[in-house]
Amino acid sequence: MKETRIYKQIDNCSISADIYYQGTDTPVILYIHSGALIFGTREWLPTAQIEYLTNAGFSLINIDYRLAPETKFEIIIEDIRDAIEWVRTKAIEWYDFDIDNIAVMGSSAGGYLSLLTGTMDYKPKAIISFYGYGDILGTWYTEPSEYYCKKPMISRSKAIENIGFEETTDGKWDRIDFYYYCRQQGVWVQEVTKMDPNYDLNKLMQYNPINNISNDYPPTLFLHGDQDTDVPYEQSVKMYEKLKGIGIETKLITIEGADHVFDHDFEDPKVQGAFIEVVDFLKTHLCK
């Protein structure tokens, strides 16, 4: 059963989480949605995945967060920190799940944010990244995308038509034009972070997971399609190799022939097999 609670209130912006509580002392998965930090919502998490994870014995907390460009990049990261802190200190007033065993899971930009939690002061026990990325400074994001440039070109005026002035967590699909514009121009970093890699590199590197891996980085599972047209498969490979190289427990599951958002085809046998491994990984690190 789902219960929705506000985990953070900032002026007129309420930030909510859906809680799927599975009982006393159950380990927790905090899920972060995709959308390039520009669009998307917690409602994107497919019901089939929710049921699979909760039936496996995990309490699931599916969060929203404020979106760019209306919200500053650093503040979006702060929302993720605050969500984890809320789970650990406030949510336990209603739910007696096991706050010593928290995993963070996300897809695409949510995968990036999940990987970033491994660099924070409080680190989850495990991280699951579905087609996420550990390097926002790579050429894939800082130069025009060949894939997106084959689509109808989006002018800046059209890109900002559905971008407002007030902070929001409601990332409706019509905001995707702003993302297309960013990818076609190679300006996602500048538009989302309001920083320029040419001048603000040191500050940006603080938010680049691959540059901030320590010896206590959490065990991490990567899942990525090798035909991903949005986030290059190599993004997961590079993070996996970096973690493995310093002795962090990690695993990379390659979904052959799969594009972005492959996990939404939940009935695909390859996806079913991948989720078996997701649950095994989580049980290994959360259910000791």
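For the structure, check the block above.
Residues numbered from 1 in each chain as written. Predicted model: local features only at pLDDT ≥ 70, side-chain atom pairs only at ≥ 80, totals over all residues. Heavy atoms only, no water.

1. Focus: the overall build of the chain
Step number 1: Scanning the chain from N- to C-terminus turns up 11 helices and eight strands.
Step number 2: Over its C-alpha trace the chain gives a radius of gyration of 18 Å, about what one expects of a compact globule, namely 19 Å for 288 residues.
Step number 3: By principal-axis analysis of the C-alpha atoms, the chain measures approximately 50 × 45 × 40 Å.
Step number 4: When each of the 288 residues of the chain is scored for burial, the buried share is 58%.
Step number 5: For the chain, long-range pairs separated by at least 24 residues make up 73% of all intrachain contacts whose partners lie at least 6 apart in sequence.
Step number 6: Summed over its atoms, the accessible surface of the chain is roughly 12,500 Å², and 46% of this surface lies on carbon and sulfur atoms.
Step number 7: Side-chain charges in the chain split into 27 positive and 45 negative, and the spacing between the mean points of these groups amounts to 3 Å. (Helix = DSSP H or I, 4+ residues; strand = E, 2+ residues; numbered from the N terminus. Rg over C-alpha atoms; globule rule 2.2 N^0.38 Å. Buried < 20%, exposed > 50% of the residue type's maximum accessible area, 1.4 Å probe, protein only. Contact = heavy atoms within 4.5 Å. Areas by Shrake-Rupley, 256 points an atom, 1.4 Å probe, with all protein chains shown as cover. Lys, Arg positive; Asp, Glu negative; His and termini not counted. Charge placed at Lys NZ, Arg CZ, Asp CG, Glu CD.)

2. What about unusual backbone geometry?
Step number 1: The omega torsion across Ala68 and Pro69 is 5 degrees, close enough to zero to call that bond cis.
Step number 2: Along the polypeptide, Pro69 turns up in the loop between strand 4 (59-63) and helix 2 (73-89).

3. Focus on the environment of Phe39
Step number 1: Its place among the elements puts Phe39 in the loop between strand 3 (28-32) and helix 1 (47-55).
Step number 2: The spacing of Phe39 and Ile84 is 45 residues in sequence and 21 Å in space, taken between C-alpha atoms.
Step number 3: Filtering out sequence-adjacent residues up to four positions away, Phe39 remains in contact with His33, Ser34, Trp44, Leu67, Gly171, Lys172, Trp173, Arg175, Ile176 and Tyr179.

4. Focus on the packing of helix 2 against helix 3 (residues 109-117)
Step number 1: The contact between helix 2 and helix 3 brings their axes to 11 Å, and the two run at 65 degrees. It follows that helix 2 is roughly perpendicular to helix 3 by the angle criterion. Considering only the axes of helix 2 and helix 3, their crossing is right-handed. Taken together, the residues of helix 3 that come into contact with helix 2 (itself represented by Phe73, Ile77, Ile80 and Ile84) are Tyr112, Leu113, Leu116 and Thr117. (Axes fitted to C-alpha atoms, helices over the stretch in contact; angles between N-to-C directions. Parallel < 35°, antiparallel > 145°, perpendicular 65-115°, else oblique. Left-handed = near helix turned anticlockwise from the far one by under 90°.)

Taken by themselves, the reported measurements are silent on function.
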